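Topology and contacts: notes
Listed below, chain by chain, are the residues.
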Amino acid sequence: MSQVMTLERPIPDAAPAPLLSLRNVEVVYDDVILVLRGLSLDVPAGSITALLGANGAGKSTTLKAISGLLRSEDGEVTRGEIVFDGARIDGIEPDRIVRRGIFQVMEGRRIVADMTPMENLRLGAFSRRDREIGQDLERVLTYFPRLKERTGAAGYLSGGEQQMLAIGRALMARPRLILMDEPSMGLSPLLVKEVFAIIRQINRDLGVTILLVEQNARAALSVADRGYIMEQGKVVLDGTVEELRTNEDVKEFYLGGAGDQRKSFRNLKSFKRRKRWI
Amino acid sequence: MNTHLLLQLVVNGLIVGALYGVVAMSFVLIYKASQVVNFAQGEFLLIGAWVCWWLLTTYQLPFLVGMLVTFAFMLVFGIALQVVVLRPLIGEPIISVIMVTIGLSIFFQALCKWLFGVFAQPFPPIFSTQAVSILGLEIQTVYLMSLGISVAMMAGFAWFFRYSKHGLAMRATAFNQQVAQSLGISVRNVFALAWAISAVVSSVAGIVVGIVNGVSSALSLYGIKVFPAVILGGLDSVVGAVIGGLVIGVLENVAQYVDGQYLHWGNLYEIVPFYVLVVILMIKPYGLFGTRDIERV
């Protein structure tokens with residue numbers, strides 16, 4: 001069944017195969033709660049792809065489906081497939097997914113609070129067996145020099161520092177794809193800017209592909225190449241950043257303050273009609 | 001007041017306490033890594049001691065070789081126990097897991113009685129001199145060895161958790177399993193490793209006590225004795241476990257002194273640790289070093 005549906009999706013001609021692609025992915029929590037209802041998206045290699053949407057749209061669930069962390073929350077990919085670098089990864093243990101090169105920076109940073117920043121960074125390299133870990137540690141510290149001075153428990157770092165630590169820890173794994181869940185959460189506007197500048201920088205300098213989940217659509221679109229907009233477990237819009245930025249609906253519902261007159265939620269209907277169901 | 005006796009008892013207390021500390025450490029290791037309160041910890045001592053005794057008496061192995069083979073056995077035993085019995089219980093209510101470990105405790109005690117009999121068996125003599133005198137204090141050679149091993153184990157634990165990759169992984173797993181998974185750590189492997197290390201470390205204590213008192217099912221009482229030490233130190237603190245062990249060891253021996261010299265009630269030292277346990281639970285339920293989460297406000 002899912003095979004047939006895969007074929008229905010038009011494949012853009014001459015485009016290289018994306019690093020990551022989700023095809024009609026359906027996720028069910030606790031055997032009954034359907035959260036993703038046939039989600040499809042592509043993350044081209046080397047890109048920053050933004051995944052936007054309101055609370056409860058299923059953005060974090062999407063990331064956890066990719067990283068395999070879903071199962072520790074009683075969730076399960078029940079249909080569809082997730083393909084990374086030409087191989088299916090749905091149903092694989094999370095530690096193996098990390099070994100394949102996907103690293104998730106979880107929502108709320110989730111650094112190990114009772115360890116020092118250094119220990120946190122070294123943990124990032126857990127899946128590696130090569131001898132260049134020390135070298136990478138130095139490099140990460142050049143990105144985040146502030147972390148070097150912090151020798152106490154990482155739990156006492158400021159929110160911004162914790163976010164930097166979480167990103168640095170991800171870099172220590174030398175991933176090919178970083179899944180970032182709400183890096184702007186709980187940060188001041190200035191820090192959000194700083195964090196997104198770093199995201200852009202690691203994407204450019206290290207060639208790491210990034211799938212970025214954000215509530216802060218404006219910040220996300222400022223660094224992304226492509227974007228998807230999710231609603232109720234499905235992608236409802238996608239396109240390049242320019243296309244999304246100039247789209248009236250996106251402006252109105254995600255960037256805020258578009259159009260001349262205030263629109264009421266009754267007009268949501270028109271938005272729904274224009275959506276393209278993928 | 002008999003100062004010499006008191007001093008002797010305090011030194012004994014520290015040595016036995018270090019041993020309690022080692023067992024408490026291995027108990028905390030399992031609790032920290034996999035949130036299982038292991039009521040079968042004492043049986044690890046028992047099994048380790050019996051296996052070592054069996055190797056030494058049946059195959060006439062030299063002590064060190066016998067001990068190393070025992071370690072290898074306990075390593076495999078710990079992993080097997082985790083994989084076969086406890087892994088299927090992941091996600092089940094805590095009380096179910098506790099009941100299972102109590103069941104394991106009973107099962108292994110009976111198994112050891114069935115295999116090795118109900119009588120205490122002495123270890124073949126290991127040291128040519130039974131006791132040495134240091135600063136006028138009589139100290140059994142095996143206790144000196146025990147102290148050396150205990151300190152080495154503690155140093156090993158400290159190194160393991162601070163510097164080794166798998167030690168860090170274990171701490172991360174103790175902090176949050178999902179976070180550990182997101183870092184590429186296999187939580188299952190961490191659990192198995194925790195049980196394996198715990199079994200090996202406990203068996204050291206079992207062998208030492210076995211050499212001193214003979215091997216019998218009384219060894220498994222250490223698993224219970226360790227509770228006051230662990231609770232005193234805080235259920236999830238390795239350092240606390242060591243200090244708790246030392247305190248309980250000394251308290252026990254001081255209680256024996258007080259009892260022997262003044263009170264003459266008999267066997268006070270057996271129950272003092274548990275009085276301590278009750279008092280600590282009343283006034284400091286997290287123990288001396290038990291952690292509450294860091295809350296940054």
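Residues numbered from 1 in each chain as written. Chains lettered and ligands numbered in written order. Predicted model: local features only at pLDDT ≥ 70, side-chain atom pairs only at ≥ 80, totals over all residues.

1. Some thoughts on the overall build of chain A
Looking only at helices and strands, chain A features 12 helices and 10 strands. Per-residue burial over chain A gives 43% buried out of 278 residues. (Helix = DSSP H or I, 4+ residues; strand = E, 2+ residues; numbered from the N terminus. Buried ≥ 20, exposed ≤ 12 C-beta atoms within 10 Å, placed from the backbone.)

2. Focus on the overall build of chain B
From N to C terminus, chain B includes 11 helices and two strands. Reading chain B from its N terminus to its C terminus gives the helix and strand order α-α-α-α-β-β-α-α-α-α-α-α-α. At 19 Å, chain B has a C-alpha radius of gyration in line with the 19 Å of a compact globule built from 297 residues. Buried positions account for 47% of the 297 residues belonging to chain B. When contacts within chain B are restricted to residue pairs at least 6 apart in sequence, those whose partners lie at least 24 apart make up 75%. (Rg over C-alpha atoms; globule rule 2.2 N^0.38 Å. Contact = placed C-beta atoms within 7 Å.)

3. Comments concerning helix H3 (residues 63-86) of chain B
Between its terminal C-alpha atoms H3(B) stretches 32 Å, which fits the 34 Å expected from 24 residues at 1.5 Å a residue. Those residues of H3(B) that fall on the buried side of the exposure criterion are Gly66(B), Met67(B), Thr70(B), Met74(B), Phe77(B), Gly78(B), Leu81(B), Gln82(B) and Leu86(B). (Expected span 1.5 Å × (residues − 1).)

4. Some remarks on the UniProt feature "transmembrane region" (unreviewed entry) in chain B
Residue and element names in this part refer to chain B. UniProt annotation of "transmembrane region" (unreviewed entry) refers to residues 6-29, 36-56, 62-85, 97-120, 140-161, 190-214, 226-250 and 262-283 when read in the numbering used here. Span residues 6-29 is 100% helix and 0% strand, its end C-alpha atoms 33 Å apart. The span residues 190-214 shows a helical share of 96% and a strand share of 0%, and its end C-alpha atoms are spaced 34 Å apart. (UniProt positions renumbered as here; feature names shortened; annotations may be inferred.)

5. With respect to the interface of chain B and chain A
In this complex, chain B contributes 19 residues to the contact, which on the side of chain A involves 25 residues. Mapped by element, the contributors of at least two residues to the side of chain B that touches chain A are helix H6 (165-175) and helix H7 (177-182) of chain B. Broken down by element, the residue count for the side of chain B that touches chain A peaks at six residues, all from H6(B). Residues of the side of chain B that touches chain A, tallied by class, amount to eight nonpolar, eight polar and three charged. (Nonpolar A, V, L, I, M, F, W, Y, C, P; charged D, E, K, R; others polar.)

6. Here we look at the confidence of the model for chain A
Regions with low pLDDT carry predicted coordinates that are not meant to be interpreted in detail. Summarising the model, chain A shows a mean pLDDT of 86, and 86% of its residues fall at 70 or more. Note on residues 1-7 of chain A: pLDDT under 50 across the span, and seven contacts to partners over four residues away in sequence or across chains. (pLDDT = per-residue confidence, 0-100.)

7. Structural notes on helix H10 (residues 238-263) of chain B
Helical geometry note: an α-helix holds 3.6 residues per turn, so side chains three or four residues apart project in the same direction. Counted at 1.5 Å a residue, the expected span for H10(B) with its 26 residues is 38 Å, and the 35 Å between its end C-alpha atoms agrees. His264(B), located one to two residues past H10(B), shows a positive phi value of around 55 degrees.

8. Thoughts on the pairing of strand S9 (residues 226-231) of chain A
Residue and element names in this part refer to chain A. When you tally the buried positions in S9, you get five out of six residues, the bulk of the element. The pairing of S9 with strand S10 (residues 234-240) spans six bridges and is antiparallel. In the sheet register, Glu231 faces S10, and the bridge partner there is Lys234. Linkage of S9 to S10, two consecutive antiparallel strands, is achieved through a turn of two residues, within which Gln232 is found at a positive phi near 45 degrees. (Pairing = 2+ DSSP bridges.)

9. Section: the sheet that holds S10(A)
Residues and elements named next belong to chain A. Spatial ordering of the open sheet is given by S6-S7-S8-S3-S9-S10, a layout of six strands whose pairing is mixed. Only two strands of the sheet have a single partner each, and these edge strands are strand S6 (102-105) and S10. Sheet twist, expressed as the mean angle between neighbouring strand axes with direction ignored, is 15 degrees. Here five bridges tie strand S7 (residues 177-181) to strand S8 (residues 209-214), and the two strands are oriented parallel to one another. Bridge assignment links Ile178 to a residue of S8, and that residue is Ile210. (Axes fitted to C-alpha atoms, helices over the stretch in contact; angles between N-to-C directions.)

10. Remarks on the environment of Val226(B)
All names here are of chain B. Examined against the element boundaries, Val226 turns out to sit in helix H9 (residues 221-233). Expressed as a C-alpha distance, the spacing of Val226 and Tyr20, which sit 206 residues apart in the sequence, is 6.1 Å. Ignoring anything within four residues of it in the chain, the contact list for Val226 reads Tyr20, Val23, Ala24, Phe27 and Gln41.

11. A closer look at the sheet that holds strand S4 (residues 75-84) of chain A
Strand pairing in a sheet relies on backbone hydrogen bonds. The paired strands run either parallel or antiparallel. As summarised here, the arrangement of the four strands in space is S2-S1-S4-S5 (chain A), forming an open sheet in which the pairing is antiparallel. If you trace the sheet from one side to the other, it starts and ends with strand S2 (33-43) and strand S5 (87-88) of chain A, each paired once.

12. Here we look at the environment of Met172(A)
Within the fold, Met172(A) resides in helix H7 (residues 159-172). Residues contacting Met172(A), with those up to four places away along its chain left out, are Leu121(A), Gly124(A), Ala125(A), Asp136(A), Leu137(A) and Val140(A).

13. Let's talk about the environment of Met74(B)
Residues and elements named next belong to chain B. As for its position among the elements, Met74 is in helix H3. For Met74, a count of 26 C-beta atoms within 10 Å gives the class buried. Along the backbone, Met74 and Leu235 are 161 residues apart, and their C-alpha atoms lie at a distance of 24 Å. When sequence neighbours within four positions are dropped, the list of residues in contact with Met74 reads Gly48, Ala199, Val200 and Ser203.

14. A look at the pairing of S6(A)
All names here are of chain A. Of the two faces of S6, the one carrying Ile102 and Gln104 and the one carrying Phe103 and Val105 are both buried. By the bridge criterion, four bridges tie S6 to S7 in an arrangement that is parallel. The partner of Ile102 across the bridge, within S7, is Leu177.

15. Overview of the confidence of the model for chain B
Of all residues in chain B, 97% have pLDDT values of 70 or greater, and the mean over the chain is 88. With a pTM of 0.84, the predicted complex shows an ipTM of 0.83.

16. Considering the packing of helix H1 (residues 3-34) of chain B against H10(B)
Residue and element names in this part refer to chain B. The interhelical angle for the contact between H1 and H10, taken along N-to-C directions, is 145 degrees, at an axis separation of 6 Å. The hand of the H1/H10 crossing is right-handed. Broken down by class, the residue content of the contact of H1 with H10 amounts to 21 nonpolar, nine polar and one charged. (Left-handed = near helix turned anticlockwise from the far one by under 90°.)

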